[in-house]
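Each chain, written out:
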Amino acid sequence: MGNEKEFVRNIGRIEPRSLSFGLLIGCFLALMIYMSMSDRYVTPLPTGPVGFTVEPRAAPARGVPSSPMVEHKMNSPQVGNENIREDQHEKDGGSRVPDKNSSTTGDSTQKENIMNPKQLGESSEAVKPQRKPMCDFSSARSDICRMEGDVRIHGKSSSVVFVASNQMGDPEPNESWRLRTYARKFDKTIMEKIRVVSVKLSSSIDAPRCTLHHSVPAIVFAVGGYTGNVYHDFNDALIPLFITSRQFNGEVQLLITNTQLWWVHKYRHILQKLTRYEIIDFDNDDQVRCYPHAIVGLESHEDMAIDPSRAPNGYSMVDFTKFVSSAYSLDRDSPIKMGLHPERKPRLAIIDRHRTRRLTNVEEVVKMAEELGYEVLRAEAKFETQVAEFAHIINSCDVMMGVHGAGLTNMLFLPMGAVFIQVVPWGRLEKIARYDYGDPAGNMKLQYMEYSISEKESTLIDLYPRDHPVFKDPMSFHRRGWLAMGKVYLVEQNVKLDLRRFRPVLLKALELLH
């Protein structure tokens, strides 16, 4: 009992300051022991800015024609002449361009949303940090995922992993997305041939270990589909790639799935202008490449069009054509001015076709054009044609004409202000022709002219009686679908221009050059 009292008395003699100091030392030691044991479970913060970004999608830049036959490119054609490739997909059929009023476009309910809203009655401490959507599936033309932070890409397994930071909270077990990175989402048949890329949100513990570190962003996209048809090379790949990558001014790496090495070589001038880095064959790449920023998929607005209100830095089709001119070192940025140079002849390029929709009296057209004062070039872009060489030929011209078809895509190389004449075959194809080439020509600041042939100028008069629905009711073929319409009006038909009827068109083109 006496000892207990003595102990209590001794405690009472301890100075409050000494007691506080001892408690502080004890707490510090306990904290150090805890941190040393738990350090290996802490997820490291990635360097640089971290977070998700998504850009809202506005309405399409321009309307889609009401014709159900606007879109008409199917199966990937075989290697060979450009016309053969075009003919093949026209025979096979296609999907129409999605209507801007369709429920599949701009529907906010279709956007992937991984936000964790606060539940009614739930305490704020229990709510996970909110996150913006990482992937946007709302567009009818393309799906796209954007990531900033710790992104790890393994091409051979078609896997893109985004490592979540501590501030973002633990990822859900099944937070993943699957997308095909070809900018033609509405064309279900061709999209089935495009490799699926998996995008997954993961913790650092589960993420694959990096084998290569990169300091620039990455863009993953596909070039399968209709590769080899010049229209689709630009419309489905190069223009969307420009929209998506040009903002990085070459400081970006391209990873291509469904790639064709010859395609990369063919358009090397454009690709080398978009990136200063090695182009990666995504499907055969066994490295785990780590990037601070990645975009999976391409931004696509309309066929052969860029909407400046939606494009980074307000890019337009004029910006794209200037970019292409720079990539191929094209000399001319404006056509001849006849008023200033009356002694010089304007140059006319006639785009030849040697299979479908041939201009059967092209020699007569050449002779008439020469009589009117033109210097005439006949040009055909075959599969093996060097793009740079052909681009310089077209850029040297002041006027370009041709029957509706993929070869007209070469108007991209014309100097701004040049005249472009599209000859529209018989069969009520004006809306298709205007959508594919007429509207884009205007967006490129070309002077567009359209010449619709009469039934007498169509070789279909040699195949069908004049009272046949082919002549009397072309829309009945449109209503049967693309295969029925295309078989008659795009595959069976050639064109023989009425020189007297076409002559004023060439004269008007001369006037436009003054």
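Our structure's up above, just so we're on the same page.
Residues numbered from 1 in each chain as written. Predicted model: local features only at pLDDT ≥ 70, side-chain atom pairs only at ≥ 80, totals over all residues. Heavy atoms only, no water.

Caption draft 1: Expanded view of the pairing of strand 12 (residues 347-351). For strand 12, a buried count of 4 out of 5 residues is recorded, marking the element as mostly surrounded by other parts of the structure. Strand direction decides the pairing type here: strand 12 and strand 13 (residues 375-379), joined by 5 bridges, are parallel. Across the sheet, Ile350 pairs through a bridge with Arg378, a residue of strand 13. At this point the chain moves from strand 12, through helix 9 (residues 362-371), to the parallel strand 13, and the crossover so formed is right-handed. Note: strand 12 against strand 14 (residues 399-403), 4 bridges, orientation parallel. By the bridge assignment for strand 14, Ile350 is matched with Met401. (Buried < 20%, exposed > 50% of the residue type's maximum accessible area, 1.4 Å probe, protein only. Helix = DSSP H or I, 4+ residues; strand = E, 2+ residues; numbered from the N terminus. Pairing = 2+ DSSP bridges. Right-handed = clockwise from strand over helix to strand, strands pointing away.)

Caption draft 2: Examining the packing of aromatic side chains more closely. Going through the model one piece at a time under the given rule, you end up with 14 aromatic pairs. Each ring, one from Phe234 and one from Tyr267, has its centre 5.7 Å from the other, and the planes form 85°; the classification is edge-to-face. You can see Phe234 sitting in helix 5 (residues 230-245) and its partner Tyr267 sitting in the loop between helix 6 (261-266) and helix 7 (268-274), a full 33 residues away along the chain. In this structure, Phe234 and Tyr267 share a single accessibility class: buried. Measuring from centroid to centroid gives 6.2 Å for Phe234 and Phe320, while their planes differ by 80°, and the two rings are edge-to-face. Residue Phe234 is found in helix 5, and its partner Phe320 is found in helix 8 (residues 317-327); the two are separated by 86 residues along the sequence. Owing to a relative accessible area of 1%, Phe234 belongs among the buried residues under this scheme. Here Phe320 falls in the buried class, since its relative accessible area comes to 0%. (Phe/Tyr/Trp six-rings, centres within 6.5 Å; stacked < 30°, edge-to-face > 60°.)

Caption draft 3: How the structure looks around the pairing of strand 14. Taking burial as the measure, the 5 residues of strand 14 include 5 buried ones, the bulk of the element. Covered by surrounding structure in strand 14 are Val399, Met401 and Val403 together with Met400 and Gly402, the residues of both alternating faces. In this sheet, strand 15 (residues 419-424) lies alongside strand 14 in parallel orientation, the contact comprising 5 bridges. Residue Gly402 lies in a different strand from strand 15, and its bridge partner there is Gln422.

Caption draft 4: Region of interest: the state of the cysteines. What the rule picks out here adds up to 2 disulfides. Should the bonded cysteines of the protein be numbered as they appear in the sequence, the pairing reads 1-2, 3-4. (Disulfide = S-S within 2.5 Å.)

Caption draft 5: Inspection of the nonpolar core at higher detail. One finds Phe234, Ile270, Phe320 and Tyr328 to be the most contacted residues of the largest nonpolar core, which totals 59 residues. Of the residues forming this core, the biggest block, 9 residues, is contributed by helix 5. (Core = buried A, V, L, I, M, F, W, Y, C linked by side-chain atoms within 4.5 Å.)

Caption draft 6: Looking closely at the packing of helix 9 against helix 15 (residues 499-512). The interhelical angle for the contact between helix 9 and helix 15, taken along N-to-C directions, is 45°, at an axis separation of 11 Å. Of the possible angle classes, the one that applies to helix 9 and helix 15 is oblique. Taken as a pair, helix 9 and helix 15 cross one another with a handedness that is right-handed. Side by side, helix 9 and helix 15 meet where Glu364, Val365, Met368 and Ala369 of the first sit next to Leu499, Phe502, Arg503 and Leu506 of the second. Class assignment of the residues belonging to the contact of helix 9 with helix 15 gives a composition of 6 nonpolar, no polar and 2 charged. (Axes fitted to C-alpha atoms, helices over the stretch in contact; angles between N-to-C directions. Parallel < 35°, antiparallel > 145°, perpendicular 65-115°, else oblique. Left-handed = near helix turned anticlockwise from the far one by under 90°. Contact = heavy atoms within 4.5 Å. Nonpolar A, V, L, I, M, F, W, Y, C, P; charged D, E, K, R; others polar.)

Caption draft 7: Seen up close, the pattern of salt bridges. Going through the model one piece at a time under the given rule, you end up with 19 salt bridges. The closest approach of N and O atoms between Arg152 and Asp150, which form a salt bridge, is 2.8 Å. With respect to class, Arg152 is no different from Asp150; both count as buried. Look at the salt bridges and you will find they share partners, linking Arg184, Asp187 and Asp236 into a network. (Salt bridge = Lys/Arg side-chain N within 4 Å of Asp/Glu carboxyl O.)

Caption draft 8: Seen up close, the environment of Tyr231. Along the chain, Tyr231 turns up in helix 5. Tyr231 gets classed as buried once you look at its relative accessible area, which sits at 1%. Between the C-alpha atoms of Tyr231 and Asp436, which are 205 residues apart in sequence, the distance is 9.1 Å. Engagement of the side chain of Tyr231 in a polar contact is seen with the side chain of Asp303, the distance being 3.5 Å. (Polar contact = N/O pair within 3.5 Å; in protein donor to acceptor, adjacent residues only side chain to side chain.)

Caption draft 9: Broad picture of helix 11 (residues 430-443). If you check helix 11, its first and last C-alpha atoms are 18 Å apart, about what 14 residues at 1.5 Å a residue would give, namely 20 Å. When we look at burial in helix 11, the residues that qualify are Ile432, Ala433, Tyr435, Asp436, Tyr437, Gly438, Pro440 and Ala441. Buried-residue contacts for helix 11 involve helix 5, strand 15, strand 16 (447-452), helix 13 (475-479) and helix 14 (482-492). (Expected span 1.5 Å × (residues − 1).)

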